[in-house]
Amino acid sequence: MGPGFYGPSGIATKECPAMPLDLSDESQYDRLRLKQWARDRARSAGVDRRDLLKLFAAGTAAGSLGLGAAGTAAAATGGATAAAVLPGTVKPLPPELFTLRGTNAETNFAALRGTGPLTPLDRFFVRNHTVTPRLEATDWRLKVWGDALSGGPVEFSYDRLRALPAVERTLFIECAGNGRSFYTTQQGQQVSGTAWTLGAIGVARWRGARLSDVLRRAGVTGAAVDVLPRGLDDEVVTNGVNLGRVRRPLPVSKALDDVILAYEMNGEPLPPDHGGPVRVVVPNWIGISSIKWVGDIEVSAEPLYTPWNTDLYRLFGPGQPPQGSAPLTRQTLKSAFELELGATVPVRRTRLLTGRSWSGAAPVHRVEVSTDGGARWRRARLHDVPHRGSWVRWSLPWTPRTTGPTALLARATDTTGRTQPATAAHNTQGYLFDAVVRHPVTVV
Ligand SMILES: Nc1nc2c(c(=O)[nH]1)N[C@H]1C(S)=C(S)[C@@H](COP(=O)(O)O)O[C@H]1N2
Ligand SMILES: [Mo]
């Protein structure tokens, strides 16, 4: 029996292989997992289920676990304010390139102006639940294990991984909470989590081995359902509960499709802050899927649950089921100007407005820009051939005629025909903000 067979209830049963289900359809997969979770059919990998339930009960009332919040660092250090916590990164985080947010560093979009389609490593955003661990490639091992392998655990050294056929792809990694602050500043809504503007995204050229090659060599069987990569960074402690190491299950269909175990980023060995020596890169999916510093991968014949696909990284709030939406997978559609928020610009001088747009669903088709707060729109010129999984750079000349405050707006449409809406759907943890951002500027 293959992995895709489910009984009439939608729950996997050994006895009832009657209804094949296409697990490569993300929404179908997620709806199924959600049902299983709700019915308590799955085990919660590594965390006591009663602890999780306690947390979720507290969490949904208070908004969330506070994970990924400005308060994350505070929780991790026992109540210090986030501002007092230095991000535990290895690379420098100068203020012209980054805005610090607790343990995280947001890329200043203005610092991308004039750079190429790839985010330079010195300005790629960092999102750390704790601190960057220092790992040596020579000591590093990847252990692949679990009940959906034909044999026992299989270990891969760095050299063994590098000896596998290499793939190279240009892909963004974007946090699910990117743009979160605009729920509050633009829509007047309360959300929990790191108050990113639009800089929790970076695009890099990743080189690595296919996860599918590693899983096949490890003896993955047709019984596999979920694949759970886990980071070697510290365990995450929040509100006194140890959630264990950062890990989030991937459906086996995605794991065998296009996921990379990356050891190079923009032609360099993967830097420590971005998961070196080896990280997972999951094309088009929210950043948490792309586990950094991967140390082991469980291949399971039953669905797996961790805090990162149950309470976290799902939508809670109006219009969502009480237990929350299905786990989030694909990223949404966004645009950003390569300009400081609140920049001042001289009147009657022509300047070239530049920015970037991207979508997790499809290549960007068109970008429109308004320089008068949304009354009139002009089409921007695209500077890259649009590809799914990456962004396009664009530009538009602008000659402001009157002084005073105004808003610049950029609106992308992807090749599925989806256009950024005026308002994003509110959810308590502020994920997947996709609305057109009103970028304030003052003409002087
Ligand atoms: N092991 C581990 N993997 C992780 C994280 C982490 O804290 N630990 N953060 C995740 C999140 S939430 C995001 S958005 C991306 C950020 O990748 P970056 O720091 O390379 O930009 O890594 C993901 N992988
Ligand atoms: Mo993230």
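A few points on the structure. Since we're looking at a predicted model, the values are computed, not measured.

**Re the site of ligand 1**
1) Next: Lining the immediate surroundings of ligand 1 are 21 residues, of which Phe125, His129, Asp233, Arg279 and Lys292 lie closest.
2) Next: Note that an oxygen atom of ligand 1 is positioned 2.7 Å from one of the side-chain N or O atoms of Arg279.
3) Next: Relative to its unbound accessible area of 530 Å², ligand 1 is 100% covered by the protein chains.
4) Next: One can see that ligand 1 is located within the largest cavity.
5) Next: Considering only residue class, the shell around ligand 1 consists of ten nonpolar, six polar and five charged.

**Observations regarding the sheet that holds strand S22 (residues 364-370)**
1) Next: The sheet built from five strands is open, its strands ordered S20-S27-S26-S22-S23 with mixed pairing. For this open sheet the edge positions go to strand S20 (343-345) and strand S23 (378-379), each flanked by a neighbour on one side alone.
2) Next: Pairing analysis gives six bridges linking S22 to strand S26 (residues 404-414), with the strands arranged antiparallel. Looking across to S26, one finds that Val364 is bridged to Asp414.

**A look at unusual backbone geometry**
1) Next: Cis geometry is adopted by the peptide bond preceding Pro277, which originates at Gly276 and carries an omega value of 15 degrees.
2) Next: Located in the positive-phi region is Asn266, a residue other than glycine, with phi close to 50 degrees.
3) Next: One can find Asn266 in the loop between strand S14 (260-265) and strand S15 (268-269).
4) Next: Phi at Arg348 is positive, roughly 60 degrees, even though this residue is not glycine.
5) Next: With respect to the helices and strands, the residue Arg348 is situated in the loop between S20 and strand S21 (351-359).

Conventions adopted
- Here the residue numbering is sequential within each chain, running from 1 through the sequence in written order.
- Whichever chain is written first becomes A and whichever ligand is written first becomes 1, with later ones labelled in order.
- Under the rules for a predicted model, residues below a pLDDT of 70 receive no local features and side-chain atom pairs below 80 are neither given nor counted, while totals for whole chains, interfaces and linings still include all residues.
- To obtain the side-chain values, all non-hydrogen atoms of the structure were included, while hydrogens and water were left out.
- Note on terminology: near, applied to a residue and a molecule or strand, indicates that one of the residue's heavy atoms is within 4 Å of it.
- Any N or O atom pair separated by 3.5 Å or less is treated as a polar contact, with the protein-specific requirement of one donor-capable and one acceptor-capable atom, and with residues adjacent in sequence counted only for side-chain atom pairs.
- Where accessible areas are quoted, they stem from the Shrake-Rupley method and a 1.4 Å probe; at the residue level, only the protein chains shown are allowed to cover.
- With a 1 Å grid spanning the protein atoms alone, the term cavity applies to any set of points in which a 1.4 Å probe fits but cannot get out, the term pocket to an open set with protein on both sides within 12 Å along at least five of seven lines, and the term lining residue to any residue with an atom within 4 Å of a point.
- Whether a molecule sits in a cavity or pocket is decided by its atoms, more than half of which must lie within 2 Å of the grid points.
- Gly falls in the polar group here, along with every residue not listed as nonpolar (Ala, Val, Leu, Ile, Met, Phe, Trp, Tyr, Cys, Pro) or charged (Asp, Glu, Lys, Arg).
- Two strands pair if DSSP finds at least two bridges between them.
- Strands here mean DSSP runs of E at least two residues long; helices mean DSSP runs of H or I at least four residues long; both are numbered from the N terminus.

As far as function goes, none of this settles anything; it's purely spatial.
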